[in-house]
Structures are given as C-alpha cells and as structure tokens.
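Structure assessment
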Amino acid sequence: MKKRFLALCLLVALVLSGCGKAQDTATPTDASALVSTSYAPMQQSDGSKLRIGLVGVFEYEPAAIYIYNVVSALREDGWISCDSLPFSETDTDVKTMIQRLAEMDLGPYIEFDGEAAYYLEDEDEAAITESLLERVDDGLDVVLAMGTDPGLFMKAQDLDVITIDCMATDPVASGIVDSATDSGDAQMWAQIEPSPYERQMKYYHSILPFEHIAMVYADPIIAGIPDYEKAAAELGVTMTTIEVDEETAADEEKLADVYSELLTQDIDALMLCAGLITSDMDSAALLEPFTDAGIPVFVQDGENYVEAGALLLVASTDNAGVGRFVAETIEQIACGTAVGEIPMEYVSSPYISLNLETAERIGFQPDFNLLLACETIYPKRTTEGDDNE
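Note that the coordinates shown come from a computational prediction; the quantities given were computed from them, not determined experimentally. Along every chain, residues carry numbers that run from 1 in the direction the sequence is written. Where totals are concerned, whole chains, interfaces and linings use all residues; where local detail is concerned, this predicted model gives features only for residues with pLDDT of at least 70, and gives and counts side-chain atom pairs only at 80 or more. Side-chain numbers here rest on the full set of heavy atoms in the structure, without hydrogens or water.

Examining the nonpolar core
A general feature of soluble globular proteins is that nonpolar side chains tend to end up buried together. Definition used in this section: a nonpolar core is a set of buried Ala, Val, Leu, Ile, Met, Phe, Trp, Tyr and Cys residues joined via side-chain atoms within 4.5 Å. Between buried and exposed lies partly exposed: a residue is buried under 20% and exposed over 50% of the maximum accessible area for its type, with that area taken using a 1.4 Å probe on protein chains only. Counting residues in hydrophobic clusters, the biggest one holds 114 residues, and the most contacted among them are Leu144, Ile164, Tyr259, Phe298 and Ile330. The dominant element in this core, judged by the number of residues it contributes, is helix α2 (residues 61-76), at eight residues. In what follows, residue pairs with any heavy atoms lying within 4.5 Å of each other are defined as contacts. Excluding residues within four positions of it along the chain, Ile330 makes contact with Leu50, Ile52, Val70, Leu74, Ile110, Leu144 and Ile164. By size, the runner-up hydrophobic cluster in this structure holds 14 residues, among which are Ala116, Tyr118, Leu159 and Val161. Counting from the N terminus, the helices are the DSSP runs of H or I reaching at least four residues and the strands are the DSSP runs of E reaching at least two.

Observations regarding the environment of Asp77
As for its position among the elements, Asp77 is in the loop between α2 and α3 (94-102). As for Asp77 and Glu328, which are separated by 251 residues in sequence, their C-alpha atoms are 9.0 Å apart. Those residues in contact with Asp77, other than ones at most four positions away along the chain, are Pro41, Arg324, Glu328 and Glu331.

A closer look at the packing of aromatic side chains
Ring pairs shown here join Phe, Tyr and Trp side chains whose ring centres sit within 6.5 Å, with only the six-membered ring taken for Trp; geometry is labelled stacked below 30 degrees between planes, edge-to-face above 60, and tilted in between. This model, assessed by the stated rule, comprises nine aromatic pairs. Between Trp79 and Tyr109 the ring centres are 6.0 Å apart and the planes differ by 70°, which places this aromatic pair in the edge-to-face class. You can see Trp79 sitting in the loop between α2 and α3 and its partner Tyr109 sitting in the loop between α3 and β3 (110-119), a full 30 residues away along the chain. Members of the aromatic cluster, joined through ring pairs, are Trp189, Phe325 and Tyr346.

Considering the packing of helix α6 (residues 196-207) against helix α7 (residues 225-235)
Look at α6 against α7: their axes get within 7 Å of each other, and the N-to-C directions meet at 40°. With respect to α7, the element α6 is oriented oblique. In this structure, α6 crosses over α7, and the sense of that crossing is right-handed. Here Pro196, Tyr197, Glu198, Gln200, Met201, Lys202 and His205 of α6 lie close against α7, whose contacting residues are Asp227, Tyr228, Lys230, Ala231, Ala232, Glu234 and Leu235. Under this scheme, a helix contributes an axis fitted over its contacting stretch, all axes are lines through C-alpha atoms, and angles between N-to-C directions fall in the 0 to 180 degree range. Working definition: roughly parallel below 35 degrees, roughly antiparallel above 145 degrees, roughly perpendicular at 65 to 115 degrees, and oblique for all remaining angles. Handedness of a crossing follows from how the near helix is turned relative to the far one, being left-handed for an anticlockwise turn of less than a right angle and right-handed for a clockwise one.

So, the side chain of Glu198
If you trace the backbone, Glu198 turns up in helix α6. Here Glu198 falls in the buried class, since its relative accessible area comes to 3%. Look past the residues within four positions of Glu198 in its chain and what remains in contact with it is Asp227, Lys230, Ala231 and Glu234.

Description of the pairing of strand β11 (residues 312-315)
Alternating residues of β11 divide into Leu312 and Val314 and Leu313 and Ala315, and every residue in both groups is buried. As paired elements, strand β10 (residues 297-299) and β11 share two bridges and run parallel to each other. Paired with Phe298 across the strands is Leu312, a residue of β11. In this region the chain leaves β10, passes through helix α11 (residues 303-308) and returns to the parallel neighbour β11; the handedness of that crossover is right-handed. For two strands to be treated as a pair, DSSP must find at least two bridges joining them. For β11 and strand β13 (residues 351-355), the ladder comprises four bridges, and the chain directions are antiparallel. Its bridge partner lying in β13, Leu312 is registered against Leu354. Handedness of a crossover is defined as follows: with both strands directed away from the viewer, a clockwise route from the first strand across the helix to the second makes it right-handed.

So, the pattern of salt bridges
In what follows, salt bridge is the name for a side-chain nitrogen of Lys or Arg lying within 4 Å of a carboxyl oxygen of Asp or Glu. Under the criterion given, the structure shown has 19 salt bridges. Residue Arg100 pairs with Asp91 through a salt bridge whose shortest N-O separation is 3.3 Å. Residue classification places Arg100 among the partly exposed residues on the basis of a relative accessible area of 34%. Between Lys254 and Glu247 there is a salt bridge, with the nearest N and O atoms lying 2.6 Å from each other. Glu247 gets classed as exposed once you look at its relative accessible area, which sits at 53%. Each of the salt bridges in this network shares a partner with another, and the network as a whole consists of Arg51, Glu111, Asp113, Glu115, Arg135 and Asp138.

Brief notes about unusual backbone geometry
Notably, Asp158 is not glycine yet its phi reads approximately 55°, a positive angle. With respect to the element layout, Asp158 can be found in the loop between α5 (148-157) and β5 (162-165). One non-glycine residue, Ser195, lies in positive phi territory at about 45°. On the secondary structure map, Ser195 appears in the loop between β6 (188-190) and α6.

A few points about the sheet that holds β5
Reading across the sheet, the five strands line up as β3-β2-β4-β5-β6 and stay open at both edges, with parallel pairing between neighbours. Each of the sheet's edge strands pairs with one partner strand only, and the pair in question is β3 and β6. Strand-to-strand twist of the sheet, defined as the mean angle between neighbouring strand axes without regard to direction, takes the value 20°. Pairing geometry for β5 and β6, over three bridges, is parallel. Looking at the pairing, Asp165 lines up with Ala190 of β6. Packed on one face of the sheet, helix α12 (residues 319-334) meets β2 (50-56), β3, β4 (142-145), β5 and β6 and runs near 165° to β5.

Observations concerning α7
Regarding α7, the residues found buried are Ile225, Asp227, Tyr228, Ala231 and Ala232. Within α7, the buried residues cover an arc of 155° as seen down the axis, which keeps them to one side. Packing partners of the buried residues in α7 comprise α6, β7 (212-217), β8 (238-243) and β9 (269-272). Remark: Gly236 follows α7 within two positions and exhibits a positive phi of approximately 75°. It is the directions from the helix axis to the C-beta atoms whose arc is reported.

Laid out in structure tokens, this is it:
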C-alpha cells in the first residue's frame, strides 16, 4: 500500500496537472482511499445463493488477475468461505477459475456456475446464447463480462440476467453503457475508468520522453486509440498506428512481420496494446528486436509482458482496488440494490512494473523515485560465469 501511495504521488506530481478529469458529473470512486463500505452477507429473498457466471474472449492473464482480486475481496468480506482459493493470481484461464469455484461449497451466499463460463473465441456465439438461456432459466443471476466484446455480446442478447462488465476499455464509447452515470439498461453495469490511457501515455512520456511512438491494434476502442491520440496531440508527439485484421491478429508469424516493419520506421517508442499478443504467443521473441534497437516498449496492460522483456508497465487498473470495487458491486446487487443506483466510475492509482535488464540494455537509468514507486521490479538475469561477489 505504501508503494501504491508513492506511485500515486509520483503520478500526480508528474502528469496530472488537471488532466484526466471525467466528462460526466458523477463523482468517481478514488482508489487512494479504496472502497470500504461493508455490505453484510445475506441470502437472496427466496433463501437461495447469488449465482455467477462469466463470458470472456480467450485465456488472458489480466482477466485472471482481475477475477482473482474480485473473488479475494468477496472472501475477505465474508460473502464466500473457503480455506484457500483454488487458483493463484498468476493463473491465466478465467473459465477454469470459475469452474473450480463452482465445484466448491463457498457458503450460503454466493455460488459460481461452471456451466455458465464461456470464451467467445472458443465457442459459437449462438451456442453460448442458447446455453445462457438455459442457465438463466436455472437460476443464473449475474454474468461477469471480461472486456469490450463480452460486454457487447451480453448487451446484444438482452437476457434476463444482470451483466457486470469488468474490463472494457471504454464502455461508453463502445456502446455498452450510455454514460458514466446512466447505463441505459436496468440490467447492465460497467466499470468505467475516466481517460485511463490518456493519463497512461502522459505518464510514460514524463518518465522517458519520446517523439514518435508506434502502436499495433485490432480494435481502436479496445486499444484505447482515441485516448492515446488525445494525449499525443497534447504532448506534441507523433503516433504511428497500424490496425490489423482478425486473420493477422490470430497468426503469430504475420503479426511478428507487422511489428518487424515498425523497426524500419523512425520510431523511438512502442506501445504494446492489450489483447493482441495472446498467452500462447512468444512475446519475448517479439519484444527482443525492439530492445536490441534501443527502443523502449511500454505496456498498455499485462505485467507478464514486462517479465517477458518490455520496459515498463504503468497499469491503468489498480487490480486490488478495482477488484474490491467490483466485489462490492456484486455485494450490493446481492443485497437488493438496483443496478442503476450503483456507481460505475473508479479512478485507479497506478501500478508500476519495471524490467531492469531491459532498462540497462536500452540505456535507460530509472531514478530513485521511480524505483521506489514500483510495485514489481524484474531484476537483471544472471548467467553462468557471472561474478556476483
């Protein structure tokens, strides 16, 4: 928590200067004081448990970290009971996580539905819809939608079930909800972070100033391109963007060729956009040429990319804080609060990860304040024959 406070102070000192204010009149929840309201555990009015399912896109580490923190907060608040969770924060498969929870007796208040856990990329959407209809008829109460596409999918189905969209880049711009203060749908709720990527780019630029940054993405809204473009204009930097089609995004070799082409251009920074490089791809091999060229790679989301060789992550989502925010949204729903009455905005404090070996290889010397604010530092690797004495 001390590091999170230092990181927040550093972010404020370096880049905020009035930026990143919400466009709506709603007051967002401030991560610096984490949500602390307690909602006493209770059964549903008919004596049943609140039943939760999930729709994701594919196996994705940030989604697993998100779910881990939501479930951990529910456990801390007494809504679920177990000696230990059947997964760790380093797992990557949220579908399996939900299925493991479904096999457990978690107490009298909440249960998870293992048959209502889906990946849009692995199953036919019509089949998912048919299965969801069956699960809703059988008592499914809430679906956690892990991202923009799952949120839009649930909105389009218009099922008689509450949807909590947890990871959409911009739920308003994508059409999942109408605004930060009104979802426009009595059964739709989405966690909204005001201008997260605008603030993120300004923070990266304040740490290591660049003049020309490149980005590869499959969907401009999911990748936060409008936010980045606004920040780039204010900073006076050039942005090169490449939008790839679904076929290229799914083909590791073709995607690597797109990134390699960027090395022929006059860029001095790369933003690794979320959701494009999946867990089954060799991210380290993709990042290596940029490090060799002395080009810093910043990460939009996903600490695993820093571990694989990217320079720096200033996460737009404070995992523990936003996990608690979503958990308490679930708790309010379980207590009978109407979805439309539950605030959707949440301002995260920064979570910073740094790869020291990459920093050394590209000639970047992080200052003491940055090191102090880092939540995770990946050290230089030692090789056989190194003299450590």
